[in-house]
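Tertiary structure, described
Below, each chain spelled out in residue letters.
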Amino acid sequence: MPLLFKQVGFSRKSFVLLSMLSFKSKPTIVQLQWMVWGFVFVVITLSLLAMDSFWQAITYALLNTCFYATIIYGNILWLFPRLYLKGKVALYILAVIIFLLAMGAMRAFITLNIYNLLFAKHPEPMTMKAVISMIVGGIMIFLLSFVFRIAIAYFALKRQSEEILTQKTQAEINLLKSQVQPHFLFNTLNNIYYEAYLEAPRTAALIERLSDIMRYFVDESPKEQVNLGTEIQFLENYIALEKIRIRYDIDLTFHKDSSTAQSLPPMLLMTFVENIFKHGIDKSSNENKIEISLTQQNGRLIFTTTNTLPQTPLSISSTGFGIDNLRKRLVLLYGSNFELQVQNKGDIYVANLNIPLA
């Protein structure tokens, strides 16, 4: 029998070793497969060089590698996922038999013709023994395709685990950075507060309020629930800082009739108060009036704000985004178990929020 019909065999252990060789580095799945097939090509070439010429060994190594790859990928990328994984077991078995018979016959035909055309001194006839040999070799490669598939899945899972670990580590680093930077700023504000307290107590008090607001954003706002007392303090700090921008005093009352030990999601009440100072204050007028009411009734929190409007009519679009975003957030938090109402009465703007308490 011509040497071209001799099979190059690989043990299961060797193939798994080949699949794992490059796992210590970090190639992609595609790069790993190219490395494996390159290694297979080299091994086949070296095994044939002992008996064939250089170009004959190269030719048949390339031919065998291509057929091995076709059988393996034909199974793991087409037959197995499209038939077996969809429960078509009988059809899968039939398709595999036809596929292997066709590949074996094709491989025998192409191999013999290349041999007769390029290397044979005397043409060799096609024999059934040669075809059966190719089919048997194809069956062995077909069985190894499952090992190949498992190796690829393992590599993909390993890479995914490494990426998750890297992302987790980076997230922890970013968290540490986010904690260090604000607290550095807080310490700086404390130093400024001390200097300002000696020269301008009123300015120092405002710096202290600003520091409290920043601590709220860093420490409290990421939480799912915050203490109502903390939320009220945040609103009062914000109001105090906003009032320094207004030329005239504001007639502002903040009525609180609720247990400060209750909890609620952070920043729910802020939208109404922020809208008042952004769109409901006439900075040139000394007749601005704001009423804020926070009461507790039957396990529910009722928050109401009433404010006078500037002489220039309030633009609905200017406040619509904040209220719309608040409404979307309330739907996610409470479903339909809340009330949100806003009314523009010409010279008075009223907003009301009714939510269940935790």
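Overview of the structure. Just so you know, these numbers come straight off a predicted model, no measurement behind them.

1. Some remarks on the overall build of the chain
Check the secondary structure of the chain and you find 9 helices and 7 strands. When burial is assessed residue by residue, the chain has 39% of its 358 residues classed as buried. In the chain, 72% of the contacts between residues at least 6 apart in sequence involve partners at least 24 apart. Counting every atom, the chain has about 21,100 Å² of accessible surface; 62% of that belongs to carbon and sulfur.

2. Some thoughts on the side chain of Glu220
Residue placement: Glu220 occurs in helix α6 (residues 201–220). Classification of Glu220 by relative accessible area gives buried; the value is 19%.

3. Observations regarding the pairing of strand β5 (residues 300–308)
Here β5 lies mainly inside the structure; 7 of its 9 residues are buried. In this sheet, β5 lies alongside strand β4 (residues 289–297) in antiparallel orientation, the contact comprising 8 bridges. Directly across from Ile292, in β5, lies its bridge partner Thr305. Between β4 and β5, which follow one another and run antiparallel, lie 2 residues, and Asn298 among them has a positive phi close to 55°.

4. Here's the deal with the sheet that holds strand β7 (residues 348–356)
The 5 strands lie next to each other as β2-β4-β5-β7-β6, forming an open sheet whose pairing is mixed. Two strands lie at the open edges of the sheet, namely β2 (251–257) and β6 (339–344), each paired on one side alone. Strand after strand, the sheet turns through a mean of 5° between neighbouring axes, direction not considered. Packed on one face of the sheet, helix α7 (residues 228–243) meets β2, β4 and β5 and runs near 175° to β2. Along the sheet, helix α8 (residues 270–279) contacts β2, β4, β5, β6 and β7; its crossing angle with β5, the most-contacted strand, is approximately 5°.

5. Quick word on the packing of helix α3 (residues 54–82) against helix α4 (residues 89–119)
In contact at an axis separation of 11 Å, α3 and α4 are set at 165° when each is read in the N-to-C sense. The angle between the axes of α3 and α4 places the two elements in the roughly antiparallel class. The way α3 lies across α4 gives a crossing that is right-handed. Residues of the contact of α3 with α4, tallied by class, amount to 19 nonpolar, 7 polar and 1 charged.

6. As for the packing of aromatic side chains
One pass over the full model with this rule turns up 15 aromatic pairs. For the ring pair Phe54 and Trp55, a centre distance of 5.2 Å and an interplane angle of 80° mean the geometry is edge-to-face. Here Trp55 falls in the exposed class, since its relative accessible area comes to 61%. Ring geometry for Phe80 and Tyr84: centres 5.0 Å apart, planes at 20°, overall stacked. Looking at Phe80, the relative accessible area reads 10%, which means it is buried. Residue classification places Tyr84 among the partly exposed positions, given a relative accessible area of 38%. Looking at Lys256, its charged tip hangs above the ring of Phe254, at a distance of 4.4 Å from the centre.

7. Here's the deal with unusual backbone geometry
What you tend to see is this: most non-glycine residues have negative phi, and most peptide bonds are trans. With phi around 70°, Met267 is a residue other than glycine that occupies positive phi space. Looking at where Met267 falls in the secondary structure, it is placed in the loop between β3 (263–264) and α8. Assessed through its relative accessible area of 24%, Met267 is described here as partly exposed. Phi is positive for Asn298, close to 55°, though the residue is something other than glycine. Positionally, Asn298 belongs in the loop between β4 and β5. On the accessibility criterion, Asn298 (80% relative accessible area) is exposed.

About the thresholds
Residues numbered from 1 in each chain as written. Predicted model: local features only at pLDDT ≥ 70, side-chain atom pairs only at ≥ 80, totals over all residues. Heavy atoms only, no water. Helix = DSSP H or I, 4+ residues; strand = E, 2+ residues; numbered from the N terminus. Buried < 20%, exposed > 50% of the residue type's maximum accessible area, 1.4 Å probe, protein only. Contact = heavy atoms within 4.5 Å. Areas by Shrake-Rupley, 256 points an atom, 1.4 Å probe, with all protein chains shown as cover. Pairing = 2+ DSSP bridges. Axes fitted to C-alpha atoms, helices over the stretch in contact; angles between N-to-C directions. Parallel < 35°, antiparallel > 145°, perpendicular 65-115°, else oblique. Left-handed = near helix turned anticlockwise from the far one by under 90°. Nonpolar A, V, L, I, M, F, W, Y, C, P; charged D, E, K, R; others polar. Phe/Tyr/Trp six-rings, centres within 6.5 Å; stacked < 30°, edge-to-face > 60°. Lys NZ or Arg CZ within 6 Å of the ring centre and 35° of its normal.

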